[in-house]
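# Chains, contacts and geometry: an overview
Listed below are the residues making up each chain.
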Amino acid sequence: MSDEVISEINRNFIYQLTEKGKRIDNRAPNEYRPIRVEKSVVETAEGSARVYLGNTVVLVGVKIGLGEPFPDTPQKGVLTTNAELVPMASPTFESGPPREGSIELARVVDRGIRESGTLDLEKLCLEEGEKVWVVFIDIHVLDYDGNLFDASALGALAALTNTTVPASRFELGEDFKLPIMHYPIACTTIKVENSLLVDPSLEEEKVACARLTVTTDENGDIRAMQKGLGGSFTLEQIKNIVTSSQELAKVNRKYVLD
Amino acid sequence: MSDEVISEINRNFIYQLTEKGKRIDNRAPNEYRPIRVEKSVVETAEGSARVYLGNTVVLVGVKIGLGEPFPDTPQKGVLTTNAELVPMASPTFESGPPREGSIELARVVDRGIRESGTLDLEKLCLEEGEKVWVVFIDIHVLDYDGNLFDASALGALAALTNTTVPASRFELGEDFKLPIMHYPIACTTIKVENSLLVDPSLEEEKVACARLTVTTDENGDIRAMQKGLGGSFTLEQIKNIVTSSQELAKVNRKYVLD
Amino acid sequence: MSDEVISEINRNFIYQLTEKGKRIDNRAPNEYRPIRVEKSVVETAEGSARVYLGNTVVLVGVKIGLGEPFPDTPQKGVLTTNAELVPMASPTFESGPPREGSIELARVVDRGIRESGTLDLEKLCLEEGEKVWVVFIDIHVLDYDGNLFDASALGALAALTNTTVPASRFELGEDFKLPIMHYPIACTTIKVENSLLVDPSLEEEKVACARLTVTTDENGDIRAMQKGLGGSFTLEQIKNIVTSSQELAKVNRKYVLD
Amino acid sequence: MGENIDLKLMDEEGRRIDGRKFDELRPIKIEANVLKRADGSAYLEWGGNKILAAVYGPREAHPRHLQDPTKARVQCRYNMAAFSVMDRKRPGPDRRSVEISKILSEALEYVIFTEQFPRTTIDIFIEILQAEAGTRCSGLTAASVALADAGIPMRDLIVSCAFGKIAGKVVLDLRKEEDNFGEADVPLAIVPRTEEIVLLQMDGHLTTNEFQEGLSMAMKACKNIYGLQREALRKRYSTVIDKNEEKEKKEEKKEKEEVVQ
Amino acid sequence: MGENIDLKLMDEEGRRIDGRKFDELRPIKIEANVLKRADGSAYLEWGGNKILAAVYGPREAHPRHLQDPTKARVQCRYNMAAFSVMDRKRPGPDRRSVEISKILSEALEYVIFTEQFPRTTIDIFIEILQAEAGTRCSGLTAASVALADAGIPMRDLIVSCAFGKIAGKVVLDLRKEEDNFGEADVPLAIVPRTEEIVLLQMDGHLTTNEFQEGLSMAMKACKNIYGLQREALRKRYSTVIDKNEEKEKKEEKKEKEEVVQ
Amino acid sequence: MGENIDLKLMDEEGRRIDGRKFDELRPIKIEANVLKRADGSAYLEWGGNKILAAVYGPREAHPRHLQDPTKARVQCRYNMAAFSVMDRKRPGPDRRSVEISKILSEALEYVIFTEQFPRTTIDIFIEILQAEAGTRCSGLTAASVALADAGIPMRDLIVSCAFGKIAGKVVLDLRKEEDNFGEADVPLAIVPRTEEIVLLQMDGHLTTNEFQEGLSMAMKACKNIYGLQREALRKRYSTVIDKNEEKEKKEEKKEKEEVVQ
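Calculation rules
- Residues numbered from 1 in each chain as written.
- Chains lettered and ligands numbered in written order.
- Predicted model: local features only at pLDDT ≥ 70, side-chain atom pairs only at ≥ 80, totals over all residues.
- Heavy atoms only, no water.
- Helix = DSSP H or I, 4+ residues; strand = E, 2+ residues; numbered from the N terminus.
- Rg over C-alpha atoms; globule rule 2.2 N^0.38 Å.
- Buried < 20%, exposed > 50% of the residue type's maximum accessible area, 1.4 Å probe, protein only.
- Contact = heavy atoms within 4.5 Å.
- Disulfide = S-S within 2.5 Å.
- Buried area = accessible area lost by both parts, 1.4 Å probe.
- Salt bridge = Lys/Arg side-chain N within 4 Å of Asp/Glu carboxyl O.
- Polar contact = N/O pair within 3.5 Å; in protein donor to acceptor, adjacent residues only side chain to side chain.
- Nonpolar A, V, L, I, M, F, W, Y, C, P; charged D, E, K, R; others polar.
- Pairing = 2+ DSSP bridges.
- Axes fitted to C-alpha atoms, helices over the stretch in contact; angles between N-to-C directions.
- Parallel < 35°, antiparallel > 145°, perpendicular 65-115°, else oblique.
- Phe/Tyr/Trp six-rings, centres within 6.5 Å; stacked < 30°, edge-to-face > 60°.
- Expected span 1.5 Å × (residues − 1).

This part is about the overall build of chain A. The helix and strand inventory of chain A stands at five helices and 12 strands. Taken over the C-alpha trace, chain A has a radius of gyration of 19 Å; the compact-globule value for 258 residues is 18 Å, and the two agree within 12%. Dimensions of chain A, computed from the C-alpha atoms along their principal axes, are close to 60 × 40 × 35 Å. Here chain A holds 258 residues, and the buried ones make up 60% of them.

For chain D and chain F, which are not in contact, the least C-alpha distance works out to 10 Å. Separating chain E from chain F is a minimum C-alpha gap of 10 Å, and the two share no contact.

This brings us to the state of the cysteines. By definition, a disulfide links the sulfur atoms of two cysteines through a covalent bond. All told, the structure shown has zero disulfides over all chains when counted by the stated rule. Counting only cysteine sulfurs, C209(A) is the nearest neighbor of C187(A), a cysteine outside any disulfide, at a range of 19 Å.

What follows concerns the interface of chain A and chain D. Taken residue by residue, the interface counts 33 residues in chain A and 28 residues in chain D. When chain A packs against chain D, the two sides together hide about 2,900 Å² of surface, and 53% of this comes from carbon and sulfur. The partner of K102(D) in a salt bridge is E104(A), and the shortest N-O contact between them spans 2.6 Å. At the junction of chain A and chain D, the tally comes to 18 residue pairs in polar contact (both at pLDDT 80 or more). Of all the elements in the fold, those that place two or more residues in the side of chain A that touches chain D are β4 (78-84), α2 (100-114), β12 (222-228) and α5 (235-257) of chain A. When residues in the side of chain A that touches chain D are grouped by element, the largest group, seven residues, is from β12(A). Here the residues of the side of chain A that touches chain D are counted per class, giving 11 nonpolar, 11 polar and 11 charged.

The eight strands lie next to each other as β10(C)-β9(C)-β11(C)-β12(C)-β9(E)-β8(E)-β6(E)-β7(E), forming an open sheet whose pairing is antiparallel. Each of the sheet's edge strands pairs with one partner strand only, and the pair in question is β10 (195-198) of chain C together with β7 (169-172) of chain E. Across the sheet, the mean angle separating the axes of adjacent strands is 20 degrees when strand polarity is ignored. Strand direction decides the pairing type here: strand β8 (residues 184-191) of chain E and strand β9 (residues 196-206) of chain E, joined by six bridges, are antiparallel. When the sheet's bridge partners are listed, D185(E) is paired in β9(E) with D203(E). Of the strands in this sheet, β11 (210-216) and β12 (222-228) of chain C together with β9 of chain E are in contact with helix α2 (residues 100-114) of chain C, which crosses β12(C) at around 160 degrees. Of the strands in this sheet, β12 of chain C together with β8 and β9 of chain E are in contact with helix α1 (residues 95-111) of chain E, which crosses β9(E) at around 145 degrees.

What follows is about the interface of chain A and chain E. On the chain E side, the residues contacting the 30 residues of chain A number 29 residues. Both sides together, the interface formed by chain A and chain E hides about 2,500 Å², and carbon and sulfur atoms give 58% of it. Summed over the three residues of chain A that lose the most area to chain E, namely T44(A), K63(A) and M88(A), the buried surface amounts to 25% of that side. One can count three salt bridges joining chain A with chain E.

Another point: the packing of α2(A) against helix α1 (residues 95-111) of chain D. Packing of α2(A) against α1(D) leaves a shortest axis separation of 9 Å and a crossing angle of 105 degrees. Judged by the inter-axis angle, α2(A) sits roughly perpendicular to α1(D). Residue-level inspection shows E100(A), I103(A), E104(A), A106(A), R107(A) and R111(A) of α2(A) in contact with α1(D), the latter providing R95(D), R96(D), V98(D), E99(D), K102(D) and I103(D). A per-class count over the contact of α2(A) with α1(D) returns four nonpolar, no polar and eight charged.

Turning our eyes to something else, we now look at the pairing of strand β6 (residues 131-143) of chain A. Strand residues, when the strand is regular, have side chains that alternate between the two faces of the sheet. Residue and element names in this part refer to chain A. Of all 13 residues in β6, 11 are buried; the element is thus mostly enclosed. Of the strand pairs in this sheet, strand β3 (residues 56-67) and β6 are connected by 11 bridges, and their pairing is antiparallel. When the bridges of β6 are listed, I64 appears paired with V135. The sheet contact formed by β4 and β6 spans seven bridges and is parallel. Bridge assignment links A83 to a residue of β6, and that residue is I139. As paired strands, strand β5 (residues 125-127) and β6 are joined by two bridges and run antiparallel to one another.

Inspection of the secondary structure assignment puts D145(A) in the loop between β6 and α3 (148-161). Once residues lying within four places of it in the same chain are set aside, the contact partners of D145(A) are R33(A), N55(A), T56(A), P200(A), S201(A), L202(A), K36(E) and R37(E).

Here we come to the sheet that holds strand β4 (residues 73-80) of chain E. Residues and elements named next belong to chain E. Here we have five strands laid out as an open sheet, ordered β1-β2-β3-β5-β4, and mixed in their pairing. Looking at which strands have only one partner, the edges of the open sheet turn out to be β1 (28-32) and β4. Adjacent strand axes in the sheet meet at a mean angle of 15 degrees, parallel and antiparallel pairs treated alike. Direction of pairing for β1 relative to strand β2 (residues 40-46): antiparallel, over a ladder of five bridges. Note on β2: the bridge partner recorded for I30 is L44.

Turning to the side chain of E106(F), a few remarks are in order. Structurally, the position occupied by E106(F) is in helix α1 (residues 95-111). With near-sequence residues (within four places) excluded, E106(F) lies in contact with G228(B), L229(B) and G230(B).

For the structure on display, the rule yields 12 aromatic pairs over all chains. On the basis of an interplanar angle of 20 degrees and a centroid distance of 5.1 Å, the ring pair of F93(A) and Y144(A) is categorised as stacked. Taken together, the residues span a long stretch of sequence, with F93(A) in the loop between β4 and α2 and Y144(A) in the loop between β6 and α3 at a distance of 51 residues. Ring centres 6.4 Å apart and planes at 45 degrees place the aromatic pair F163(F) and F211(F) in the tilted group.

To continue, consider helix α3 (residues 148-161) of chain B. Under the 1.5 Å per step criterion, the end-to-end length of α3(B) is 20 Å for 14 residues, consistent within 8% with the ideal 20 Å. Counting buried residues along α3(B), 14 of its 14 residues qualify, which places the element largely inside the surrounding structure.

Structure below.
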């Protein structure tokens, strides 16, 4: 059977399940796959975490370096986020310069961290306008079975909470933990036909028509959003997704804090 | 009918017209299409101009920044010209890094301005060997109906005459107009069979076998030339083109000075 | 006859010859093609050499510039090696950024020079941690008839011995010859079926299953090695190749020293 | 977002730095069919934004392996001119424009009847000539007019508009200073007839109530912009009709002349 | 190589900085079948190295002109994660990783029965997650386990290990300081059953005797590592058998349930 | 161009810094058929320029969509070696070499009977090994000898030469200092038999009279260079004839030996 026929069968099968409120792996529509977060997994990084979200595996490393601040924020450290969808993780990922998929992933994770004020960047300034600490978040996807946004955001936050600024190595005082102020958690929901499913697996992503990622903080406030794919949501659906994302974030945040 | 058949018919039609001294849009062989030059069209630029040459539309913006002079001209400001043939302007333009077409365009416009001494670059030096004003000319082609060389050269000169150096924004004294010393105008002539046609439209460019752009200053002196395409000119044709370019430049220069 | 049929015939022909200890150009298995080394062939370079190895021609130029030392070797000059397999040299070389073939070539030549301590890099330091001489070795392959490794390594060493550091041009004292401490020579052997052939021609390279380059110094010590291609060597074969490479290097070194 | 600066974004009477009320749009001007070469085009001014959109297609997709046998590919390219911002932007795509191009492509895909044009590509080019906050909303609004101008079959236009939060208050359509020093920015795009949401992004800090308040405000504003889009298309088509009449007259005249020659 | 630093790489009793003897390997741990998406995979820790290898294929080679009608293309891509080294590495291939990818591809090609899969490509991806000298040997050792895990027909595994010279003495398996300040480094890979050498590089300064001494030492060590590789594969296959039994039970159960529904 | 420097480019007696008269060429040396691999080649020294040109083709154009069903594509690639100039040039094409490659391709296309080889490409590679002003003229002159050496059917050779203006005087063939500090530079290329002009560029400042004076001077010089080109080709073909005779003798000898074996 050709790939197209198989995917057509899959599509119909998933459609029929969702109509009954079911999913291929027997989860409830608003149920996450099992989550496991391991910290301090890479010794060469200043902070790191490996996240297992079902079969999806993401490794995030944080490196700290010295650099110049941006001209418009001379008293703040610099945060930069990069994602590599290495071809190891999926037959559809390719070698070469970052494509739009990995750029969107990195930028959505970055906004979730930056806009929530996760880091107290002013504490990372060494000399105003001259010298600041630069925080590099590198997302390395190892196994891709759907929902990279949530796995990567979890991994980035976990790695940041695990990071020590190696000031002594640069002869700039004592080492200190990265100053974390907030704990934003991303929750992604897809629309399949007219059903909403959280934490989509790869099979589900393939038949999704729309996607919404909502990042909320420990107060339940919204810190970032990203709608994707060539479909639409109704206003009501958006409101429902925001509410469920706030609830699920409370649960998932524990995996990072533990 | 296939594209090739149409273009073959077009070719023959244009050939027959040129033999009678005529052109598809009823112009005389040495007649330009209507020219319109609008200045100050982009407020974020330090200078700008939009040029309509028949249906060809080119937008040129000038940005001014600070930089270091070149080592061999420590007492001079820096001039740099870039052209983007964005795919909006023509189905044959592609996204991506600049191709040879846009590189040749940018370099020919650049030489026309640089070699004529259009700008008094010494007046753009702030600190010898250390700090100078950098003039960025960016050519943005919006609608392509032939003769980009002349439209872009006109636009670049018009935008330069429209430019104010924003010295006060950098706390480097008062703003001042760019010091313009000469007014070079480019005239492009193509050869179709054995006829010479100035200001070719796109249809005419497609059947041209050779092209010559002659840039002359307000004294009629020659400042830059560029021959293109896989055909040839006789010595006599070159001399005739130089003469007609000098005359036409006088007329077209007025569109910039107004 | 198709290319594939021809190459199949060639393969069989070379196989049959090697079984009898013969080669297509009548050389002995451990015999080099004629070598000619010309120095001072490019006046714009600080040192240069053209090497003819049979029909293979390689031009190596050395340029000297000023730069910063690497942070981990603040008291040493910098050596950098680059190879261009320009499409002039072979129908199989392509324009564009360096491919793996030219990268491997540059890195193998570089290691041969660097690891043998060919240059006394400490004598190229001007100001510790701040300013050092940078030695650029550029390998330009002009005609490709096999065994680029040996031809390029010979050319690089010859060009280095031909190089004068132009200190006076930078007003940094008197010009001086590059301080050469060792004379490493690379010898390349291929395996065809079970025979070992040194200095392979292009036709021989095409049927080789494995390749070993051994770089030895004037004491016969080993300074660098590189095995290539998708075949294998026995331990015995490796030992034999090392021995023959040491002997052949003694002979070939003379072409550089003369 | 989130910069604390002594810039007062709203005065005591609720007026913003350019005098607008909290739910007031910047001035918008739309013109359809402004380019000759493209199959469809639109020019839009929105506050300090000056934007051109052009459409080519449906045309055969190249290379072949990018063809979808079931529908047209919709490819939008958002590009900023080097001189469109205060500090000159290096030409060519950066990470920001790659992301924006992706989400605009996805939004536009929803309203185009792509299944009518298998194996083709529909290319939409958005050139930001002058930028002053809200370029992705402005660009998307212009792009859907250009698509209609190209005669591409669509279920509706797309309208886009942002809301945000400044000085603790939810407001419509941020301008540059409000975007830089405000507390949140939420670009939104809808299909006006069905009120479906096809683009939604958010940056900053909002409570659930603020978010819902803003959504309603922006959706209402979108409907007003929808009127401007349709007006621009109406003008364009009336012009076409005028020109067609003119053309017919010209052709008649030409035929006569040819008889004379 | 060749740096003269006051770092004592070996003490009077012949112990190295981490307490190893001259012919002692760093600790090695190998696990097969660690990724779900890939056709085969392996995870390896070797001293301070942490490495993942994954295999995809044989699959159709793209684009077409890269297809070889007589055999499969073997393409290995060695990649270092940005955070795998002390000073952050810029993502993407550099000249070093291009060269390593080439020689690892060539070594792996030798043991794969490529002629069984004409027109296909077999892709091997090696990700260096944490690096501490000897990554190419570690990566190659992991890659051949991943190939076996993918069920690719091979004449044997490949085992790789380096020897070198520190403080004037030939030693096995350099760690970082020994690589940086030692006198030679010689990565080697063999086919253990036949003792054929498929990878050999050398950096530094060795006499002929030292070279031969090191070769023997490294080939002996390779055979020990070969045991670890086979052990990892044995565990993986016993797990498969367990899982198959489990799966059969589950399917039986499912069938019953379906009957019930 | 246009730098005012206290360098005296011409003395009172009209002698230039290298002693040449105003209408005197630098020494030129041309040799054909200097490379083995290429289908045709030439080596040229012209003053301080050392240049190699090589030709491959006509050969099938790749990829297919670049094939022209009516004629051969002529692609010239002008490339400067890193060491060909005083300040090392970064390898690879820059904007200058892209432009030069384009105009040289166009000039060469004119003299090749491209319609005889549809769907093919004729590649001309020009490597500047040592540069000293006038490299595009030197390269083009060498390239047309290489084309003839490759046996490509041509209506004539192309000859190229520049004129310029220094110290207020029109002169032939600028050398480096004259190019840097002179007032104009005009590279020119002609088809010598018909005197057609196939390349013409100009930089600087010339009156119409100066331009016409220079044109005549350069066209005359081109004819002299044409003689050197033809001489190089004559030598090359006489060598071929010699070699053929030699080859025949060798083959006779070989046949005899084979009989003996």
